[in-house]
Amino acid sequence: MLDISLGQYYPGNSFIHRLDPRTKILATLLLIVAVFLANSAIGYGALCAMVLFIIAVSGLPFMLVLKSVKPLLFIIVLTLVLHAVMGQGEHILYQWKFIKVTEEGLRLGVQMAMRLILLLMISSILTFTTSPIVLTDGIEALLRPFCVIGVPAHELAMMMTIALRFIPTLMEETDRIIKAQTARGADFSGGNLLVRAKNMLPILVPLFISAL
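No experiment lies behind these values; they were computed from the predicted model shown.

Caption draft 1: Up close: the nonpolar core. Judged by nonpolar contacts, the single largest core of 22 residues is most densely connected at Val51, Ile55, Val65 and Ile125. At the level of secondary structure, the elements contributing two or more residues to this core comprise helix H2 (21–37), helix H3 (41–58), helix H4 (62–66) and helix H6 (103–128). With 8 residues, the top contributor of residues to this core is H6. The residues touching Val65, leaving out its near neighbours within four places in the chain, are Ile55, Leu60, Met121, Ile125 and Phe128. In this structure, Ile25, Leu126, Ile139 and Ala157 belong to the second largest nonpolar core, which totals 5 residues.

Below, the structure written as structure tokens:
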């Protein structure tokens, strides 16, 4: 649970750290759009090179940014496997009974996995290089023009930043509750999916109360 790094701030004095928060937010949105528009190996290679360059300029440890991918590693691998197995295509790479892996499906699975990895790393770079207070100011400044149509810019910015900021705090609280329940004899790894879901109640109830 402590591997979730989204929402954490890594202090520094690099060029990226000193950038105006509005610039960083808009640049992050542009990179996210570029990730969804990329559809070739050259495009994804260029995006990976750009992300690595930003990490180097910001002075962030590469493993710290890569750590942001770990919590969703299962979903990334599952996405890759499902696209490889269920994707339609003519060039069959492997077939066993009804399971068929095609070159087109595998290529699409790699593409979707790369998208998720890049999205996580880009978002993490923003939060690593921008403190929560500065991020709030940047979001509020970008939303301020919409106040003329009744959009509560300050309230929305504060809500988004608080939610982002408390992700690590809630993860630490979840880890503490799991350890406490395990010490009382709770088993969170045994049984089928339904049993495991039922066993999560002793975690979710105190976590919900603590969050409130």
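Caption draft 2: Structural context of the packing of H2 against helix H7 (residues 132–143). Running from N to C, H2 and H7 cross one another at 75 degrees; their axes reach a closest spacing of 8 Å. By the criterion of interaxial angle, the relationship of H2 to H7 is roughly perpendicular. Two secondary-structure elements touch here, H2 through Pro21, Arg22, Ile25 and Leu26 and H7 through Val134, Leu135, Gly138, Ile139, Ala141 and Leu142. For the contact of H2 with H7, a count of residues per class yields 8 nonpolar, 1 polar and 1 charged.

Caption draft 3: How the structure looks around the side chain of Glu173. Take Glu173: it is sitting in helix H8 (residues 153–183). Taking relative accessible area as the criterion, Glu173 reaches 18% and is therefore assigned buried. If we skip the residues at most four places from it in the chain, Glu173 touches Leu207 and Ser210.

Caption draft 4: Region of the structure containing a nonpolar patch on the surface. Together, Leu72, Leu73, Phe74, Ile75, Val77, Leu78, Val81, Leu82, Val85 and Met86 give the surface a local cluster of nonpolar side chains, amounting to about 890 Å² of exposed area. Here Leu72 shows up in the loop between H4 and helix H5 (73–86). Leu72 sits in the partly exposed class, given a relative accessible area of 35%.

Caption draft 5: How the structure looks around the environment of Leu19. Inspection of the secondary structure puts Leu19 in the loop between helix H1 (15–18) and H2. A sequence separation of 58 residues divides Leu19 from Val77, and the C-alpha atoms of the two residues are 34 Å apart.

Each value, and the rule that gives it
Residues numbered from 1 in each chain as written. Predicted model: local features only at pLDDT ≥ 70, side-chain atom pairs only at ≥ 80, totals over all residues. Heavy atoms only, no water. Core = buried A, V, L, I, M, F, W, Y, C linked by side-chain atoms within 4.5 Å. Buried < 20%, exposed > 50% of the residue type's maximum accessible area, 1.4 Å probe, protein only. Helix = DSSP H or I, 4+ residues; strand = E, 2+ residues; numbered from the N terminus. Contact = heavy atoms within 4.5 Å. Axes fitted to C-alpha atoms, helices over the stretch in contact; angles between N-to-C directions. Parallel < 35°, antiparallel > 145°, perpendicular 65-115°, else oblique. Nonpolar A, V, L, I, M, F, W, Y, C, P; charged D, E, K, R; others polar. Patch = residues over 30% accessible without salt bridge, like charges linked within 9 Å, V, L, I, M, F, W, Y side chains within 5 Å. Areas by Shrake-Rupley, 256 points an atom, 1.4 Å probe, with all protein chains shown as cover. Salt bridge = Lys/Arg side-chain N within 4 Å of Asp/Glu carboxyl O.

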